[in-house]
Amino acid sequence: MNLRKYLIMGSQNCDRDPVIILEEAINSGITAFQFREKGPGSLNGRDKLELGRKLRSICKRENILFLVNDDVSLVDPLEADGIHVGQDDISVVELRRRFPDKLIGLSVSNDAEVANSPIDRVDYFGAGPIFPTSTKHDAKSPVGLEWIEKLKKLYPNLPVVGIGGINTRNASSVMKSGADGVAVISAVTRASNIKEAVERL
Ligand code: 3NM
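Residues numbered from 1 in each chain as written. Predicted model: local features only at pLDDT ≥ 70, side-chain atom pairs only at ≥ 80, totals over all residues.

If you check an unreviewed UniProt entry, the chain appears there as Thiamine-phosphate synthase from Virgibacillus kekensis. On record in UniProt, under Function (unreviewed entry), the comment for the chain is "Condenses 4-methyl-5-(beta-hydroxyethyl)thiazole monophosphate (THZ-P) and 2-methyl-4-amino-5-hydroxymethyl pyrimidine pyrophosphate (HMP-PP) to form thiamine monophosphate (TMP)." (UniProt positions renumbered as here; feature names shortened; annotations may be inferred.)

As structure tokens, this is what we get:
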């Protein structure tokens, strides 16, 4: 499981064809992809599934991990490698019961969320938002790099991916704090040069 350069994206994050953006990002070195078709301007129903199929097939061809964001109904039709959930989504216990062999990522932002989570059923943490972000409108207050350090101290063997406001200038600070990877949306989807952005990340 290589989560080092983890691109998250849905059509709402793109001002060009998401297929082209994903292909460019993979050619430039991203190691994992999460299909997150969610929020204002996102697709639903059949359109969502159709875009998911296209993006999934690119990841399969290029041997890149493909995860879906909290929409459990997509896991089987898209043959996802895993699913990422937040605190308000389906419970991890239920998720593990339904998908014993899939990767499960869980977003955690504070001690209470960790204490209330069945960590033994989780494959990696999403820690964030590390920095302020304008991509997710209901994002919590930034938790800072200290949160990554704390999670790694508590769970040294569980991969931690930083998320939220990470860009080419601050990504190295996230890795220096002990993260196993950086998860980004706008740093790649809004980059004027995707190749340069992914390489600098
Ligand atoms: N989840 P950008 S922050 C999808 O804190 C998402 O859990 C977050 O977008 C969390 O890389 C976020 O453009 C948005 O800041 C990340």
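**Brief notes about the site of the ligand**
Near the ligand, the surroundings consist of 17 residues, among which G128, T133, T135, G164 and S186 are the closest. Of the residues belonging to the shell around the ligand, the class tally is eight nonpolar, eight polar and one charged. (Near = placed C-beta within 6 Å. Nonpolar A, V, L, I, M, F, W, Y, C, P; charged D, E, K, R; others polar.)

**Regarding helix α2 (residues 45–62)**
End to end, α2 covers 26 Å across 18 residues, agreeing with the expected 26 Å (1.5 Å per residue, within 8%). Those residues of α2 not exposed but buried are G52, L55, R56 and C59. Considered in projection along α2, the buried side chains sweep an arc of 110° and stay on one side of the axis. More than 90 degrees from the buried face of α2, the exposed residues found are R46, D47, E50, K54 and R61. Buried residues belonging to α2 abut α1 (18–28), β2 (32–35) and β3 (65–69). (Helix = DSSP H or I, 4+ residues; strand = E, 2+ residues; numbered from the N terminus. Expected span 1.5 Å × (residues − 1). Buried ≥ 20, exposed ≤ 12 C-beta atoms within 10 Å, placed from the backbone. Arc of directions from axis to C-beta. Contact = placed C-beta atoms within 7 Å.)

**Quick word on the sheet that holds β3**
Adjacent strands of a sheet pair through backbone hydrogen bonds, lying either parallel or antiparallel. Taken in spatial order, the eight strands close into a barrel running β1-β2-β3-β4-β5-β6-β7-β8, and their pairing is parallel. Direction aside, the axes of adjacent strands within the sheet are offset by 25° on average. Pairing analysis gives three bridges linking strand β6 (residues 124–127) to strand β7 (residues 160–163), with the strands arranged parallel. Within β7, the residue paired with F125 across the bridge is V160. (Pairing = 2+ DSSP bridges. Axes fitted to C-alpha atoms, helices over the stretch in contact; angles between N-to-C directions.)

**Some words on the nonpolar core**
Counting residues in each nonpolar core, the largest one holds 52 residues, and the members touching the most others are A127, V161 and V184. Once you skip the residues sitting within four places of it in the chain, A127 turns out to touch V108, W147, I148, L151, V160, V161, G162 and I163. (Core = buried A, V, L, I, M, F, W, Y, C linked by C-beta atoms within 7 Å.)

**Focus on helix α5 (residues 146–154)**
Spacing of three or four residues puts side chains on the same side of an α-helix, whose turn is 3.6 residues. Listing the buried residues of α5 in full gives W147, I148 and L151. Summarising the axial view, the buried residues of α5 lie within an arc of 100°, below the 170-degree limit, and thus occupy one face. Residues of α5 that are exposed and angled more than 90 degrees away from the buried face: E146 and K153. In this fold, the buried residues of α5 make contact with β6, β7 and α6 (171–176).

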